[in-house]
Amino acid sequence: MTYVNLGNTGLKISRLALGCMTYGDPSTGTHDWALNEDDSRPFIRQAIEAGINFFDTANAYSVGGSEVVVGKLVKEFAKREDVVLATKVHFPVGKGGPNRMGLSRKALIAECDASLKRMGTDYIDLYQIHRWDPATPIEETLETLTDLIKAGKVRYIGASSMYAWQFSKALYTSKINGWARFVSMQPHYNLLYREEEREIIPLCQDQGVAVIPWSPLARGRLTKPAADDSLRSRKDPFAQSLYLPEDQKIIDVVAQIASERGVPMAQIALAWTASRPGITAPIIGATKPHHITDAVDALDIDLTEEEVGRLENLYTPRPVSGLSR
(Lines give C-alpha, C1' and ligand atoms only; values in the text may rest on other atoms or scores of the structure.)
Protein backbone atom coordinates (compact mmCIF):
# COMPACT_ATOMS: atom_id res chain seq x y z
CA MET A 1 0.00 0.00 0.00
CA THR A 2 1.17 3.52 -0.77
CA TYR A 3 0.12 6.62 1.12
CA VAL A 4 -0.60 10.15 -0.06
CA ASN A 5 -1.44 13.46 1.54
CA LEU A 6 -5.09 14.34 1.97
CA GLY A 7 -5.16 17.37 -0.28
CA ASN A 8 -2.98 20.21 0.96
CA THR A 9 -2.84 18.79 4.50
CA GLY A 10 -0.07 16.77 6.10
CA LEU A 11 -2.44 13.89 6.87
CA LYS A 12 -1.33 10.64 5.22
CA ILE A 13 -4.03 8.33 3.87
CA SER A 14 -3.90 5.06 1.98
CA ARG A 15 -4.58 5.19 -1.76
CA LEU A 16 -7.81 3.36 -1.02
CA ALA A 17 -10.48 4.13 1.54
CA LEU A 18 -12.77 1.42 2.87
CA GLY A 19 -16.36 2.56 2.61
CA CYS A 20 -18.30 1.31 5.61
CA MET A 21 -21.94 1.75 4.63
CA THR A 22 -21.86 -2.04 4.20
CA TYR A 23 -21.12 -2.61 7.90
CA GLY A 24 -23.75 -1.90 10.51
CA ASP A 25 -27.12 -3.21 11.58
CA PRO A 26 -29.44 -4.73 8.95
CA SER A 27 -32.34 -4.73 11.41
CA THR A 28 -32.66 -0.94 11.30
CA GLY A 29 -34.43 -1.15 7.96
CA THR A 30 -32.35 1.54 6.25
CA HIS A 31 -29.67 -0.80 4.89
CA ASP A 32 -31.08 -4.30 5.13
CA TRP A 33 -28.20 -5.64 3.05
CA ALA A 34 -25.65 -4.44 5.63
CA LEU A 35 -23.42 -6.91 7.47
CA ASN A 36 -23.64 -7.13 11.24
CA GLU A 37 -20.66 -6.81 13.57
CA ASP A 38 -19.56 -10.44 13.39
CA ASP A 39 -19.86 -10.57 9.62
CA SER A 40 -18.07 -7.22 9.25
CA ARG A 41 -15.08 -8.15 11.40
CA PRO A 42 -13.10 -10.10 8.75
CA PHE A 43 -13.25 -7.20 6.29
CA ILE A 44 -12.06 -4.53 8.72
CA ARG A 45 -9.22 -6.82 9.69
CA GLN A 46 -8.34 -7.64 6.09
CA ALA A 47 -8.33 -3.97 5.14
CA ILE A 48 -5.97 -3.05 7.96
CA GLU A 49 -3.68 -5.98 7.15
CA ALA A 50 -3.63 -4.77 3.51
CA GLY A 51 -2.38 -1.38 4.67
CA ILE A 52 -5.64 0.54 4.36
CA ASN A 53 -5.73 3.16 7.11
CA PHE A 54 -8.67 5.25 5.87
CA PHE A 55 -12.22 4.27 6.92
CA ASP A 56 -15.27 6.21 5.78
CA THR A 57 -18.75 5.97 7.31
CA ALA A 58 -21.68 8.28 8.12
CA ASN A 59 -24.02 8.91 11.02
CA ALA A 60 -27.04 7.93 8.93
CA TYR A 61 -25.75 4.51 7.84
CA SER A 62 -27.83 1.88 9.64
CA VAL A 63 -29.18 4.69 11.85
CA GLY A 64 -25.78 5.07 13.47
CA GLY A 65 -25.08 1.34 13.52
CA SER A 66 -22.23 1.63 11.05
CA GLU A 67 -20.35 4.05 13.29
CA VAL A 68 -20.76 1.66 16.22
CA VAL A 69 -19.43 -1.34 14.29
CA VAL A 70 -16.58 0.53 12.61
CA GLY A 71 -15.45 2.25 15.78
CA LYS A 72 -15.37 -1.02 17.70
CA LEU A 73 -13.71 -3.17 15.05
CA VAL A 74 -11.04 -0.67 14.05
CA LYS A 75 -9.89 -0.59 17.67
CA GLU A 76 -9.67 -4.38 17.70
CA PHE A 77 -7.08 -4.47 14.93
CA ALA A 78 -5.24 -1.14 15.05
CA LYS A 79 -4.16 1.69 17.31
CA ARG A 80 -6.39 4.74 17.11
CA GLU A 81 -3.49 6.99 16.07
CA ASP A 82 -2.71 4.69 13.12
CA VAL A 83 -6.10 5.00 11.43
CA VAL A 84 -8.00 7.84 9.82
CA LEU A 85 -11.67 7.74 10.80
CA ALA A 86 -14.02 9.72 8.60
CA THR A 87 -17.75 10.17 9.08
CA LYS A 88 -20.45 12.38 7.62
CA VAL A 89 -23.37 14.49 8.80
CA HIS A 90 -26.55 15.87 7.22
CA PHE A 91 -29.24 13.21 6.88
CA PRO A 92 -31.55 12.37 9.81
CA VAL A 93 -30.52 9.60 12.15
CA GLY A 94 -33.72 7.83 13.13
CA LYS A 95 -36.99 9.60 13.76
CA GLY A 96 -37.32 12.93 15.52
CA GLY A 97 -37.96 16.62 15.12
CA PRO A 98 -36.81 18.93 12.30
CA ASN A 99 -33.52 19.73 14.00
CA ARG A 100 -32.35 16.11 13.79
CA MET A 101 -30.92 16.76 10.33
CA GLY A 102 -29.18 19.42 8.27
CA LEU A 103 -26.11 21.53 8.94
CA SER A 104 -27.32 24.05 11.51
CA ARG A 105 -25.17 24.82 14.54
CA LYS A 106 -27.59 22.88 16.73
CA ALA A 107 -27.56 19.82 14.48
CA LEU A 108 -23.81 19.78 13.88
CA ILE A 109 -22.85 19.97 17.55
CA ALA A 110 -25.40 17.35 18.60
CA GLU A 111 -24.57 14.96 15.78
CA CYS A 112 -20.81 15.31 16.23
CA ASP A 113 -21.14 14.38 19.90
CA ALA A 114 -23.39 11.45 18.99
CA SER A 115 -20.92 10.18 16.38
CA LEU A 116 -18.03 10.42 18.84
CA LYS A 117 -20.00 8.39 21.38
CA ARG A 118 -21.02 5.73 18.86
CA MET A 119 -17.48 5.29 17.53
CA GLY A 120 -15.98 5.32 21.01
CA THR A 121 -13.36 7.93 20.15
CA ASP A 122 -12.38 11.39 21.36
CA TYR A 123 -11.99 12.87 17.90
CA ILE A 124 -12.98 12.46 14.26
CA ASP A 125 -10.13 12.71 11.76
CA LEU A 126 -12.29 13.88 8.85
CA TYR A 127 -15.78 15.26 9.49
CA GLN A 128 -17.69 15.68 6.24
CA ILE A 129 -20.94 17.37 5.32
CA HIS A 130 -22.88 14.66 3.51
CA ARG A 131 -24.71 17.10 1.23
CA TRP A 132 -25.26 20.85 0.82
CA ASP A 133 -27.95 22.24 3.12
CA PRO A 134 -29.94 24.98 1.33
CA ALA A 135 -31.85 25.76 4.54
CA THR A 136 -28.75 26.78 6.51
CA PRO A 137 -26.36 29.63 5.65
CA ILE A 138 -22.95 28.22 4.78
CA GLU A 139 -21.48 30.79 7.19
CA GLU A 140 -23.28 29.12 10.10
CA THR A 141 -22.08 25.69 9.04
CA LEU A 142 -18.45 26.67 8.53
CA GLU A 143 -18.17 28.67 11.76
CA THR A 144 -19.60 25.72 13.71
CA LEU A 145 -17.25 23.24 12.04
CA THR A 146 -14.35 25.55 12.91
CA ASP A 147 -15.51 25.58 16.53
CA LEU A 148 -15.58 21.76 16.55
CA ILE A 149 -11.98 21.74 15.37
CA LYS A 150 -10.97 24.26 18.05
CA ALA A 151 -12.74 22.10 20.64
CA GLY A 152 -10.53 19.15 19.65
CA LYS A 153 -13.45 17.03 18.46
CA VAL A 154 -12.54 17.20 14.76
CA ARG A 155 -9.17 17.33 12.98
CA TYR A 156 -10.17 18.18 9.38
CA ILE A 157 -13.39 18.90 7.53
CA GLY A 158 -14.56 17.68 4.14
CA ALA A 159 -17.60 17.74 1.86
CA SER A 160 -19.52 15.46 -0.48
CA SER A 161 -21.61 15.68 -3.65
CA MET A 162 -22.59 19.25 -4.44
CA TYR A 163 -22.42 21.64 -7.37
CA ALA A 164 -19.09 23.31 -8.08
CA TRP A 165 -20.56 26.75 -7.40
CA GLN A 166 -21.64 25.63 -3.95
CA PHE A 167 -18.25 24.19 -3.10
CA SER A 168 -16.51 27.29 -4.45
CA LYS A 169 -18.75 29.46 -2.27
CA ALA A 170 -17.81 27.38 0.78
CA LEU A 171 -14.09 27.66 0.03
CA TYR A 172 -14.06 31.42 -0.40
CA THR A 173 -16.36 31.92 2.61
CA SER A 174 -13.80 30.09 4.75
CA LYS A 175 -10.99 32.20 3.33
CA ILE A 176 -12.56 35.61 3.89
CA ASN A 177 -13.59 34.73 7.45
CA GLY A 178 -10.49 32.85 8.53
CA TRP A 179 -12.49 29.68 9.18
CA ALA A 180 -11.49 26.05 8.67
CA ARG A 181 -11.47 25.03 5.02
CA PHE A 182 -12.79 21.87 3.43
CA VAL A 183 -9.78 19.71 2.56
CA SER A 184 -11.58 16.94 0.69
CA MET A 185 -14.52 16.28 -1.60
CA GLN A 186 -16.45 13.03 -2.08
CA PRO A 187 -18.03 13.07 -5.53
CA HIS A 188 -19.86 10.35 -7.41
CA TYR A 189 -17.37 9.29 -10.09
CA ASN A 190 -16.76 6.15 -12.14
CA LEU A 191 -16.74 4.93 -15.75
CA LEU A 192 -20.54 5.10 -15.89
CA TYR A 193 -20.82 8.57 -14.38
CA ARG A 194 -18.20 11.16 -15.39
CA GLU A 195 -20.07 14.45 -15.09
CA GLU A 196 -17.70 15.56 -12.32
CA GLU A 197 -14.94 15.91 -14.91
CA ARG A 198 -16.71 19.14 -15.83
CA GLU A 199 -17.84 20.07 -12.33
CA ILE A 200 -16.08 19.37 -9.04
CA ILE A 201 -12.83 17.69 -10.08
CA PRO A 202 -11.26 20.67 -11.93
CA LEU A 203 -12.15 22.94 -9.01
CA CYS A 204 -10.56 20.54 -6.53
CA GLN A 205 -7.40 20.30 -8.64
CA ASP A 206 -7.13 24.08 -8.74
CA GLN A 207 -7.70 24.47 -5.01
CA GLY A 208 -5.58 21.55 -3.80
CA VAL A 209 -8.57 19.64 -2.44
CA ALA A 210 -8.41 15.85 -2.17
CA VAL A 211 -10.91 13.93 -4.32
CA ILE A 212 -12.13 10.68 -2.74
CA PRO A 213 -14.87 9.38 -5.07
CA TRP A 214 -17.70 7.18 -3.88
CA SER A 215 -19.02 4.25 -5.93
CA PRO A 216 -15.89 3.96 -8.11
CA LEU A 217 -17.29 0.59 -9.26
CA ALA A 218 -20.81 1.95 -9.84
CA ARG A 219 -22.41 0.02 -6.98
CA GLY A 220 -20.90 -3.19 -8.34
CA ARG A 221 -22.18 -2.76 -11.88
CA LEU A 222 -18.62 -2.58 -13.22
CA THR A 223 -17.56 -5.81 -11.53
CA LYS A 224 -19.77 -8.38 -13.24
CA PRO A 225 -22.09 -8.99 -16.20
CA ALA A 226 -25.44 -7.25 -15.92
CA ALA A 227 -27.29 -10.53 -15.39
CA ASP A 228 -25.37 -11.23 -12.17
CA ASP A 229 -27.21 -8.98 -9.72
CA SER A 230 -26.89 -8.88 -5.94
CA LEU A 231 -29.08 -8.30 -2.90
CA ARG A 232 -27.92 -4.69 -2.78
CA SER A 233 -28.57 -4.07 -6.47
CA ARG A 234 -32.11 -5.38 -5.99
CA LYS A 235 -32.83 -3.47 -2.77
CA ASP A 236 -30.94 -0.19 -3.20
CA PRO A 237 -33.32 2.21 -5.01
CA PHE A 238 -30.78 5.02 -4.87
CA ALA A 239 -28.32 2.95 -6.89
CA GLN A 240 -31.03 2.16 -9.40
CA SER A 241 -31.58 5.89 -9.95
CA LEU A 242 -27.94 6.64 -10.81
CA TYR A 243 -27.32 4.64 -13.99
CA LEU A 244 -28.80 4.09 -17.44
CA PRO A 245 -29.53 1.03 -19.63
CA GLU A 246 -27.01 2.21 -22.24
CA ASP A 247 -24.24 1.86 -19.65
CA GLN A 248 -24.15 -1.82 -20.56
CA LYS A 249 -21.92 -1.11 -23.56
CA ILE A 250 -19.26 0.35 -21.25
CA ILE A 251 -19.57 -2.62 -18.89
CA ASP A 252 -19.01 -4.90 -21.88
CA VAL A 253 -15.73 -3.11 -22.71
CA VAL A 254 -14.57 -3.49 -19.11
CA ALA A 255 -15.28 -7.22 -19.40
CA GLN A 256 -13.35 -7.44 -22.70
CA ILE A 257 -10.23 -5.72 -21.35
CA ALA A 258 -10.37 -7.76 -18.14
CA SER A 259 -10.52 -10.95 -20.22
CA GLU A 260 -7.60 -9.84 -22.37
CA ARG A 261 -5.49 -9.14 -19.29
CA GLY A 262 -6.71 -12.16 -17.33
CA VAL A 263 -7.86 -10.13 -14.33
CA PRO A 264 -11.27 -9.47 -12.71
CA MET A 265 -13.43 -6.68 -14.11
CA ALA A 266 -13.21 -4.81 -10.82
CA GLN A 267 -9.48 -4.33 -11.23
CA ILE A 268 -9.86 -2.70 -14.65
CA ALA A 269 -12.67 -0.39 -13.56
CA LEU A 270 -10.91 0.67 -10.37
CA ALA A 271 -7.55 1.08 -12.11
CA TRP A 272 -9.24 3.57 -14.43
CA THR A 273 -10.82 5.58 -11.59
CA ALA A 274 -7.70 5.62 -9.43
CA SER A 275 -5.50 6.81 -12.30
CA ARG A 276 -7.67 9.70 -13.46
CA PRO A 277 -6.32 13.24 -12.98
CA GLY A 278 -7.05 14.70 -9.57
CA ILE A 279 -8.18 11.47 -7.89
CA THR A 280 -6.68 10.92 -4.44
CA ALA A 281 -8.23 7.75 -3.01
CA PRO A 282 -11.33 5.92 -4.29
CA ILE A 283 -13.73 4.63 -1.64
CA ILE A 284 -14.29 0.90 -2.08
CA GLY A 285 -16.83 -1.43 -0.53
CA ALA A 286 -16.20 -5.05 0.45
CA THR A 287 -18.50 -7.93 1.30
CA LYS A 288 -16.20 -10.70 0.06
CA PRO A 289 -12.44 -11.14 0.68
CA HIS A 290 -11.57 -10.77 -3.00
CA HIS A 291 -13.15 -7.30 -3.08
CA ILE A 292 -10.27 -5.92 -1.02
CA THR A 293 -7.66 -8.04 -2.79
CA ASP A 294 -8.88 -6.89 -6.21
CA ALA A 295 -8.89 -3.26 -5.10
CA VAL A 296 -5.33 -3.38 -3.83
CA ASP A 297 -4.13 -5.20 -6.97
CA ALA A 298 -5.87 -2.61 -9.16
CA LEU A 299 -3.44 0.04 -7.95
CA ASP A 300 -0.64 -1.82 -9.77
CA ILE A 301 -2.40 -1.90 -13.14
CA ASP A 302 -1.21 0.61 -15.74
CA LEU A 303 -3.82 0.96 -18.44
CA THR A 304 -2.54 1.76 -21.91
CA GLU A 305 -3.76 4.80 -23.85
CA GLU A 306 -5.58 2.45 -26.19
CA GLU A 307 -7.38 0.74 -23.29
CA VAL A 308 -8.32 4.07 -21.72
CA GLY A 309 -9.72 5.21 -25.05
CA ARG A 310 -11.85 2.10 -25.37
CA LEU A 311 -13.17 2.57 -21.84
CA GLU A 312 -14.00 6.24 -22.29
CA ASN A 313 -15.18 6.57 -25.90
CA LEU A 314 -18.63 5.07 -25.37
CA TYR A 315 -19.61 7.46 -22.58
CA THR A 316 -22.51 9.82 -23.24
CA PRO A 317 -23.11 12.94 -21.11
CA ARG A 318 -26.12 12.77 -18.84
CA PRO A 319 -27.96 14.86 -16.23
CA VAL A 320 -26.14 15.48 -12.97
CA SER A 321 -27.32 13.02 -10.32
CA GLY A 322 -26.53 11.93 -6.78
CA LEU A 323 -26.49 15.41 -5.25
CA SER A 324 -29.79 15.30 -3.41
CA ARG A 325 -29.10 12.31 -1.15
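These notes cover the structure that comes with them.

Criteria and cut-off values
- Residues numbered from 1 in each chain as written.
- Predicted model: local features only at pLDDT ≥ 70, side-chain atom pairs only at ≥ 80, totals over all residues.
- Heavy atoms only, no water.
- Core = buried A, V, L, I, M, F, W, Y, C linked by side-chain atoms within 4.5 Å.
- Buried < 20%, exposed > 50% of the residue type's maximum accessible area, 1.4 Å probe, protein only.
- Helix = DSSP H or I, 4+ residues; strand = E, 2+ residues; numbered from the N terminus.
- Contact = heavy atoms within 4.5 Å.
- Pairing = 2+ DSSP bridges.
- Axes fitted to C-alpha atoms, helices over the stretch in contact; angles between N-to-C directions.
- Parallel < 35°, antiparallel > 145°, perpendicular 65-115°, else oblique.
- Left-handed = near helix turned anticlockwise from the far one by under 90°.
- Nonpolar A, V, L, I, M, F, W, Y, C, P; charged D, E, K, R; others polar.
- Phe/Tyr/Trp six-rings, centres within 6.5 Å; stacked < 30°, edge-to-face > 60°.
- Lys NZ or Arg CZ within 6 Å of the ring centre and 35° of its normal.
- Right-handed = clockwise from strand over helix to strand, strands pointing away.

On to the nonpolar core. The biggest cluster of nonpolar side chains holds 84 residues, and the ones touching the most others in it are Leu18, Tyr23, Phe55, Phe167, Phe182 and Leu311. The leading source of residues in this core is helix α10 (residues 265-275), at seven residues. Apart from the residues lying within four places of it in its own chain, the contact partners of Phe167 are Ala159, Met162, Phe182, Ser184, Met185, Ile200, Leu203, Cys204 and Val209. Formed by 13 residues, the second largest nonpolar core is a distinct cluster that contains Ala17, Ala86, Leu126 and Ile212.

Sheet strands pair by backbone hydrogen bonding; their relative direction is either parallel or antiparallel. Spatially, eight strands are ordered β9-β8-β7-β6-β5-β4-β3-β10 in an open sheet, and the strand pairing comes out parallel. The two strands at the open ends of the sheet, each matched to only one other strand, are β9 (210-211) and β10 (283-284). Where helix α5 (residues 164-177) meets the sheet, it contacts β7 (154-160) and β8 (182-186), and its direction lies at approximately 170 degrees from that of β8.

A separate point is the packing of helix α4 (residues 138-150) against α5. Two elements in contact, α4 and α5, have axes separated by 10 Å at closest approach and are oriented at 60 degrees. Here α4 is positioned oblique relative to α5, judged by the angle of their axes. Handedness of the crossing formed by α4 with α5: right-handed. Counting all contacts with α4, which are made through Ile138, Glu139 and Leu142, the residues of α5 involved are Lys169, Ala170, Thr173 and Ser174. Looking at side-chain class alone, the contact of α4 with α5 contains three nonpolar, two polar and two charged residues.

Now for the packing of helix α2 (residues 65-77) against helix α3 (residues 105-119). Viewed as axis vectors pointing N to C, α2 and α3 meet at an angle of 45 degrees, and their least axial separation amounts to 7 Å. By the angle between their directions, the pair α2 and α3 is classed as oblique. Here Glu67, Val68, Gly71 and Lys75 of α2 come into contact with α3, specifically with Ser115, Arg118 and Met119. Considering only residue class, the contact of α2 with α3 consists of two nonpolar, two polar and three charged.

For the rest of this paragraph, the subject is the packing of aromatic side chains. In total, this model carries four aromatic pairs according to the counting rule given. Between Tyr189 and Trp272 the ring centres are 5.4 Å apart and the planes differ by 40 degrees, which places this aromatic pair in the tilted class. A residue pair is termed long-range when its members are at least 10 positions apart, and Tyr189 in the loop between β8 and α6 (200-207) and Trp272 in helix α10 qualify at 83 residues. Here Trp272 falls in the buried class, since its relative accessible area comes to 0%. Over the face of the ring belonging to Tyr123 we find Arg155, whose NZ or CZ atom lies 3.9 Å from the ring centre. A cation over an aromatic ring shows up here: Arg194 above the ring of Tyr315, its NZ or CZ 5.0 Å from the ring centre.

The next thing to look at is the pairing of strand β6 (residues 124-129). Of all six residues that make up β6, six are buried, and the element is covered over most of its length. Across four bridges, strand β5 (residues 84-89) lies against β6 in parallel orientation. Along β6, the bridge assignment pairs Val89 with Ile129. With α3 bridging β5 and its parallel neighbour β6, the resulting β-α-β unit is right-handed. As paired strands, β6 and β7 are joined by five bridges and run parallel to one another. Paired with Ile129 across the strands is Ala159, a residue of β7. Regarding topology, α4 serves as the crossover connection from β6 to the parallel β7, and that connection is right-handed.

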